[in-house]
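Working through the structure, step by step
Given next are the chains, with one letter for each unit.
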Amino acid sequence: MNADSSADVSIIGAGPTGLCLAQTLARAGLNVVIIDRQPRAALENPAFDGREIALTHESRRLLQDWGVWDRIPSSEISDLRHAQVFDGPDPRFSMNVRAELGNRSQLGWLVPNHLIRKAAYDAVVDQDQIRLLDGIKVAAVSSTDANATIYLDDERRIQSKLLIAADSRFSETRRAMGIQAYMRDYGKSMMVFRVEHEKPHDHIAWEWFGYGQTRALLPLNNNCASVVLTLPHSEMQALLKRDDDSFDHDISSRYEFRLGHMRRISERKVYPLVGVYPTRFHARRFALIGDAAVGMHPVTAHGFNLGTLSVRHLSERVIEAHNHGQDIASPSLLESYTRAHRLSTLPLFAATNLVVSLYTADHTPAKFLRKAVLSTASRLTPFKKMVAAQLTG
Ligand SMILES: Cc1cc2nc3c(=O)[nH]c(=O)nc-3n(C[C@H](O)[C@H](O)[C@H](O)COP(=O)(O)OP(=O)(O)OC[C@H]3O[C@@H](n4cnc5c(N)ncnc54)[C@H](O)[C@@H]3O)c2cc1C
């Protein structure tokens, strides 16, 4: 690429949302430059990262529209039929969310994150309208009323009408463009890995709030599951030091042998838990998408689902302006994007924070409240229908 090259849209971050946005805009005839600091080999064949993404019906539909879904091997897509939420060891305090409440046969699908990334990469790589710059560091970004500029570390500059940050919840671009964000460090770490187990899971996901720990189990094909364990960081470190047999036994007993003995069959990945919500999703000729826009706590399994929504909200507006020969980054367009995306995400972000606060509090009044909330919710069919509808669309 020449110095001072230009594009309609420049995107920083070739993660799943950056790639999906590039794809949908390029198909509509816009020129896109997408930049990532990772080398091409890592983008082309992303390594297993432990995340199994629970996708809603709406996300699947969008991924189909963007030509991503059909590139995911079907053997790697697991059905998510129902979900069960428990509080503590007593099974009376639980809630079942059945897919039928949303008039569907299943709540959604589980797909490994690295395969979503790979499918999204494969969808963009041969598009003439998209230039992918890998292994590159961004030195600075700026915008004027006329355009946005990315200054690369190697002194090249890229000018575009619209600059997008898709560079994760810790987005450096968001900060460089002066957008403030509410950040909440939940003070815990989440470990994820795959296990095989003795008893069938019947494709039911569990969220199991305990005292001092939160466990989840995501059902995968072939009698395997993804274990999702949240612990204080120091406890997590101690657990990681155990030998294989002792680790497997510890995990099986944390899950009360409900699926029999569990044996770890993948690497373990640990993530710090930090939630992020910016004051707005745009600045002059600039917009945030994906985790850079909303960094969700994974407990409600909605981060990437909100990411696909951000791509939809922004691309619909940009493509419409482009088709009418209008400015694709006008202040009114970007304000309308912020409004729409805030409306769709803020209630869920706030509700997720409430759930996390309540169900990680272990003092006695909280324990009573936790049980009262869950048993009330489990009797409220309209509430359960709302949760099911959120997933099934
Ligand atoms: C344990 C766990 C479980 C989850 N489960 C679910 C789930 O069940 N359902 C769900 O919907 N979501 C889930 N999520 C959330 C989901 O993984 C994220 O929402 C999604 O991966 C975000 O995609 P993204 O493209 O916005 O950002 P990322 O995947 O973070 O990609 C950002 C990209 O930007 C690049 N980058 C960063 N900084 C720069 C820079 N300065 N310059 C250039 N490039 C840069 C990075 O290299 C990367 O390629 C989970 C998350 C975790 C941690």
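Structure report, in brief. Owing to the predicted nature of the structure, the values given are computational and were not obtained by experimental measurement.

**Here we look at the pattern of salt bridges**
- A full pass over the atoms with the stated rule returns 20 salt bridges.
- The partner of Arg194 in a salt bridge is Glu52, with the nearest N and O atoms 2.8 Å apart. Residue Arg194 is located in strand 12 (residues 181-197), and its partner Glu52 is located in strand 3 (residues 52-55); the two are separated by 142 residues in the primary sequence.
- For Glu256, the salt bridge is made with Arg258, and the minimal N-O distance between the two is 3.3 Å.
- According to the relative accessible area criterion, Arg258 is partly exposed, its value standing at 25%.
- When salt bridges that share partners are traced, they join Glu58, Arg61, Asp65, Arg312 and Glu316 into one network.

**Focus: the sheet that holds strand 7 (residues 108-112)**
- Taken together, the 3 strands give an open sheet; going across it, the order is 3-7-4, and neighbouring strands pair in antiparallel fashion. Each end of this open sheet is capped by a strand with a single partner; those strands are strand 3 and strand 4 (78-80). Taking each pair of neighbouring strands and ignoring which way they run, the sheet shows an average axis angle of 30 degrees.
- Of the strand pairs in this sheet, strand 4 and strand 7 are connected by 3 bridges, and their pairing is antiparallel. Residue pairing in the sheet places Ser78 in a bridge with Leu110 of strand 7.
- In the packing of helix 4 (residues 113-125) onto the sheet, contacts are made with strand 3 and strand 7, and the angle to strand 7 comes to roughly 80 degrees.

**Things to note about the nonpolar core**
- Ranked by size, the top nonpolar core spans 76 residues in total, and within it Val9, Ile11, Ile164 and Leu314 carry the most contacts.
- Ranked by the residues each element gives to this core, the list is headed by helix 9 (residues 303-323), at 8 residues.
- Excluding residues that lie within four positions of it along the chain, Ile11 makes contacts with Gly18, Leu21, Ala22, Val32, Val33, Ile34, Ile35, Ile164 and Ala166.
- By size, the runner-up hydrophobic cluster in this structure holds 21 residues, among which are Leu80, Phe209, Leu273 and Val299.

**What to know about the site of the ligand**
- In the vicinity of the ligand lie 29 residues, with Asp36, Arg51, Arg117, Asp291 and Phe304 positioned nearest.
- For the ligand, an oxygen atom lies 2.6 Å from a polar atom in the side chain of Asp291.
- Surface burial for the ligand is 92%, taken as the share of its 1000 Å² of free accessible area covered by protein chains.
- Sorting the residues of the shell around the ligand by element identifies helix 1 (16-27), strand 3, helix 4, helix 8 (290-293) and helix 9 as the ones contributing at least two each.

**Considering the packing of aromatic side chains**
- In this structure the tally under the stated criterion is 8 aromatic pairs.
- Between Trp208 and Tyr255, the ring centres sit 6.1 Å apart and the planes meet at 75 degrees, which makes this aromatic pair edge-to-face. Here Trp208 is found in strand 13 (residues 204-209), whereas its partner Tyr255 is found in the loop between helix 7 (244-254) and strand 16 (262-264), with 47 residues between them in sequence.
- Ring geometry for Phe281 versus Tyr337: centroids 6.4 Å apart, planes at 55 degrees, classification tilted.

**So, unusual backbone geometry**
- At Ser168, a position not held by glycine, the phi torsion is positive, near 80 degrees.
- Tracing the sequence through the fold places Ser168 in the loop between strand 11 (157-165) and helix 5 (172-176).
- With a phi close to 55 degrees, Asn223 is a non-glycine residue in the positive phi region.
- Mapped onto the fold, Asn223 is located in the loop between strand 14 (214-220) and strand 15 (224-232).
- The partly exposed category is assigned to Asn223, whose relative accessible area is 29%.

**Regarding the environment of His197**
- Looking at the secondary structure, you find His197 in strand 12.
- Each C-alpha atom, one on His197 and one on Arg263, is 6.4 Å from the other, the two residues being 66 residues apart in sequence.
- Not counting chain neighbours up to four residues away, the residues in contact with His197 comprise Asn223, Cys224, Ala225, Leu259, His261 and Met262.
- Looking at His197, its side chain comes within polar contact range of the main-chain oxygen of Lys199, at 2.8 Å.

**What to know about the packing of helix 1 against helix 4**
- Two numbers describe how helix 1 lies on helix 4: the axes approach to 9 Å, and their chain directions differ by 25 degrees. Between helix 1 and helix 4, the crossing angle belongs to the class labelled roughly parallel. As helix 1 packs across helix 4, the resulting crossing turns out to be left-handed. Across the interface between the two elements, Pro16, Leu19, Cys20 and Gln23 from helix 1 touch Asn113, Ile116, Arg117, Ala120, Tyr121, Ala123 and Val124 from helix 4.
- Considered class by class, the residues forming the contact of helix 1 with helix 4 number 8 nonpolar, 2 polar and 1 charged.

**Quick look at the pairing of strand 11**
- The sheet contact formed by strand 1 (residues 5-12) and strand 11 spans 7 bridges and is parallel. Across the sheet, residue Ile11 finds its bridge partner in strand 11, namely Ile164.
- Alignment of strand 10 (residues 148-152) against strand 11, held across 4 bridges, turns out to be antiparallel. When the bridges of strand 11 are listed, Thr149 appears paired with Gln159.
- Hairpin connection between strand 10 and strand 11: a loop of 4 residues separates the two successive antiparallel strands, and Glu155 in this loop has a positive phi of roughly 80 degrees.
- Sheet topology places strand 11 next to strand 19 (residues 286-288); 3 bridges connect them, and they run parallel. From the neighbouring strand, Leu163 faces strand 19, where its bridge partner is Phe286.

Reading the values: the criteria
The residue numbering used here restarts from 1 in each chain and proceeds along that chain's sequence as written. Selection of residues for local features in this predicted model requires a pLDDT of at least 70, selection of side-chain atom pairs for listing and counting requires 80 or more, and totals for whole chains, interfaces and linings are taken over all residues. Neither water nor hydrogens contribute to the side-chain values; these are computed over all heavy atoms in the structure. For this document, the term salt bridge refers to a Lys or Arg side-chain nitrogen within 4 Å of an Asp or Glu carboxyl oxygen. A helix here means a DSSP run of H or I that spans at least four residues, while a strand means a run of E at least two residues long, and both kinds are numbered starting from the N terminus. Relative accessibility under 20% of the residue-type maximum defines a buried residue, over 50% an exposed one, and the middle range a partly exposed one, all with a 1.4 Å probe and only protein chains included. We call two strands paired when DSSP finds no fewer than two bridges between them. Inter-axis angles, ranging from 0 to 180 degrees, are taken between N-to-C directions of lines fitted to C-alpha atoms, where helices are fitted over the stretch in contact. For this analysis, residues touch if any pair of their heavy atoms sits within 4.5 Å. Throughout this description, the term nonpolar core refers to a set of buried Ala, Val, Leu, Ile, Met, Phe, Trp, Tyr and Cys residues connected via side-chain atoms within 4.5 Å. For each residue, the test is whether any non-hydrogen atom lies within 4 Å of the molecule or strand; if one does, the residue is near. Any pair of nitrogen or oxygen atoms within 3.5 Å is treated as a polar contact; in protein, a donor-acceptor pairing is required on top of that, and neighbouring residues in sequence qualify only through side-chain atoms on both sides. The Shrake-Rupley method, run with a 1.4 Å probe sphere, supplies the accessible areas, and residue values consider only the shown protein chains as cover. The criterion for an aromatic pair is that two Phe, Tyr or Trp rings (for Trp, the six-membered ring) have centres within 6.5 Å, with stacked assigned to planes under 30 degrees apart, edge-to-face to planes over 60 apart and tilted to the rest. Roughly parallel here means an angle under 35 degrees, roughly antiparallel means over 145, roughly perpendicular means 65 to 115, and every remaining angle is called oblique. Rotating anticlockwise by less than a right angle from the far helix to the near helix defines a left-handed crossing, while the corresponding clockwise rotation defines a right-handed one. When residues are grouped by polarity, Ala, Val, Leu, Ile, Met, Phe, Trp, Tyr, Cys and Pro land in nonpolar, Asp, Glu, Lys and Arg in charged, and all others, Gly among them, in polar.

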